[in-house]
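Per-entry structural report
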Amino acid sequence: MIKVVACQYHIDLFTTWDAYAEHLTTLCEEAAGQGAELLLLPEYAGLVLTGQLPEAERSDLHGSIAGIQPLLPRWLELCESLARRLKVHLQPGSVAVLDDDGVYRNRAWLFGPDGCLGSQDKLIMTRFELEQWRIAAGSGLKVFDTALGKLGILICYDNEFPLLARTLAEAGVDLILAPSCTDTEAGFHRVRIGAQARALENQIAVLHSPTVGLAPWSPSLDEGYGRASLYVPSDYGMPASGIVAESAELCPSRSHWLICELDLDEVRRVREQGQVFTRRDWPRQFDDGRLVLR
């Protein structure tokens, strides 16, 4: 049994590094103080750093992500130090990163008690990211082998594509972390439906963390709607709905942690003793004649 927490992360304005660092530290200490072993923040949570830029720069869509690039090493150092000191696994959300090839990518890191475990880029970009923000897709999936179990990260829209989660599941991942940033209720439901479907298909768990709140000072994070959630297969010994827990409000006025206990051994048991075997039966849809229109 492990205790996992997903943040319904309210986008607040912090105009100095010290104010932001105190905010993130307090937030993580609060979760660790309640016994959390794995902390998840949402997609683009790192863009809260844009609050430290001059007003004209932080209000510019492209200028804001360029402006925070010098702050990212300090941010990563802070995240790593929190994971080490609190002895937790911390996925602090994602941020737009300028790579050596001159292209921005949406990247999420995972930190553990012994330091940085690596990163995962978003693989399938939304229209906003491609057409307006000009953030490019990454490549490849990573399996994070931790003391808590094998984890994967699928950022927001990536949860809506079955073969990405299937690849992670076949590589032994039992829990997918799903940080998201959606500016409409419909967007939240798309990610929610996708994440629940991935849990059902692969008989795994998916932990989901969204951005919430209104931030008129930020052109990228101006609106956020979503409920933090933990999803599992709907089967014997699991919640009938497949929802272990879900935040009560869609758009609260401050950040909240959703705290859940998760038994990955029980999730694995469903694959062997469940009412259905969706994971095992996945290849059957490709049998001769199954996909033929008649």
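Before any of the text, the structure's been laid out above.
What you are looking at is a predicted structure, and each value in this text was computed from that prediction instead of being measured. (Residues numbered from 1 in each chain as written. Predicted model: local features only at pLDDT ≥ 70, side-chain atom pairs only at ≥ 80, totals over all residues. Heavy atoms only, no water.)

**Some remarks on the packing of helix α1 (residues 17-33) against helix α4 (residues 72-86)**
Between two packed helices, what matters for the description is the angle formed by their axes and the separation of those axes. In plain terms, the rule: A fitted line through C-alpha atoms serves as each axis, taken over the contacting stretch for helices, and the angle formed by two N-to-C directions is quoted from 0 to 180°. To qualify as a helix, a DSSP run of H or I must reach at least 4 residues; to qualify as a strand, a run of E must reach at least 2; elements of each kind are numbered from the N terminus. The cut-offs work like this: below 35 degrees is roughly parallel, past 145 is roughly antiparallel, 65 to 115 is roughly perpendicular, and the gaps in between are oblique. Each helix crossing is assigned a hand: it is left-handed if the near helix lies turned anticlockwise from the far helix by less than a right angle, otherwise right-handed if that turn is clockwise. The contact definition used throughout considers only heavy atoms, calling two residues in contact when any of these lie within 4.5 Å. Polarity classes work like this: nonpolar for Ala, Val, Leu, Ile, Met, Phe, Trp, Tyr, Cys and Pro, charged for Asp, Glu, Lys and Arg, and polar for all others, with Gly in that last group.
The geometry of α1 relative to α4 is characterised by a closest axis approach of 11 Å and an angle of 25° between their N-to-C directions. As far as their axial angle goes, α4 and α1 are roughly parallel. When the axes of α1 and α4 are compared, the crossing they make is right-handed. Each of Trp-17, Tyr-20, Ala-21, Leu-24, Thr-25, Cys-28, Glu-29 and Ala-32 in α1 lies in contact with α4, whose residues at this interface are Arg-74, Trp-75, Leu-78, Cys-79, Leu-82, Arg-85 and Leu-86. Grouping the amino acids of the contact of α1 with α4 by side-chain chemistry returns eleven nonpolar, one polar and three charged.

**Topic: the side chain of Asp-121**
For clarity, the threshold we go by: The term polar contact refers here to a pair of N or O atoms within 3.5 Å; inside protein, the definition further demands a hydrogen-donor-capable atom paired with an acceptor-capable atom, and it admits residues adjacent in sequence only when both atoms are side-chain atoms.
Turning to its location among the elements, Asp-121 is positioned in strand β6 (residues 115-121). Polar contacts involving the side chain of Asp-121 include one to the side chain of Arg-107, which spans 2.5 Å. In this structure Asp-121 touches Arg-105, Asn-106, Arg-107, Gly-138, Ile-155 and Asp-158, once residues within four positions along its chain are discounted.

**Topic: the pattern of salt bridges**
Oppositely charged side chains may form a pair once their charged atoms are brought near each other. The following threshold applies: Between Lys or Arg on one side and Asp or Glu on the other, a salt bridge is scored when a side-chain nitrogen of the former is within 4 Å of a carboxyl oxygen of the latter.
Using the criterion set out here, one finds 18 salt bridges in the structure. A salt bridge links Asp-101 to Arg-105; its shortest N-O distance comes to 2.9 Å. Each of Asp-99, Asp-101, Arg-105, Arg-107 and Asp-121 takes part in a single network of salt bridges with overlapping partners.

**Quick look at the pairing of strand β4 (residues 94-98)**
Selection rule: Relative accessibility decides the category of a residue: with a 1.4 Å probe and only protein chains considered, values under 20% of the type maximum give buried, values over 50% give exposed, and everything between is partly exposed. Strand pairing is defined by DSSP finding a minimum of two bridges between the two strands.
Of all five residues in β4, four are buried; the element is thus mostly enclosed. Relative to strand β5 (residues 104-112), β4 runs antiparallel, the two sharing five bridges. Across the sheet, Ser-94 pairs through a bridge with Ala-108, a residue of β5. Taken together, β4 and the strand that follows it, β5, pair antiparallel across an intervening segment of five residues, in which Gly-102 is found at a positive phi of about 85°.

**Details of the pairing of β5**
Counting buried residues in β5 gives nine out of nine residues, a clear majority hidden from the surface. Burial of the side chains of β5 extends over both faces: Tyr-104, Asn-106, Ala-108, Leu-110 and Gly-112 are buried on one face and Arg-105, Arg-107, Trp-109 and Phe-111 on the other. Here β5 pairs with strand β7 (residues 135-136) via two bridges, running parallel. Looking at the pairing, Arg-105 lines up with Ala-136 of β7. Looking at chain direction, β5 and β6 are connected through six bridges and run antiparallel. By the bridge assignment, Arg-107 is partnered in β6 with Asp-121.

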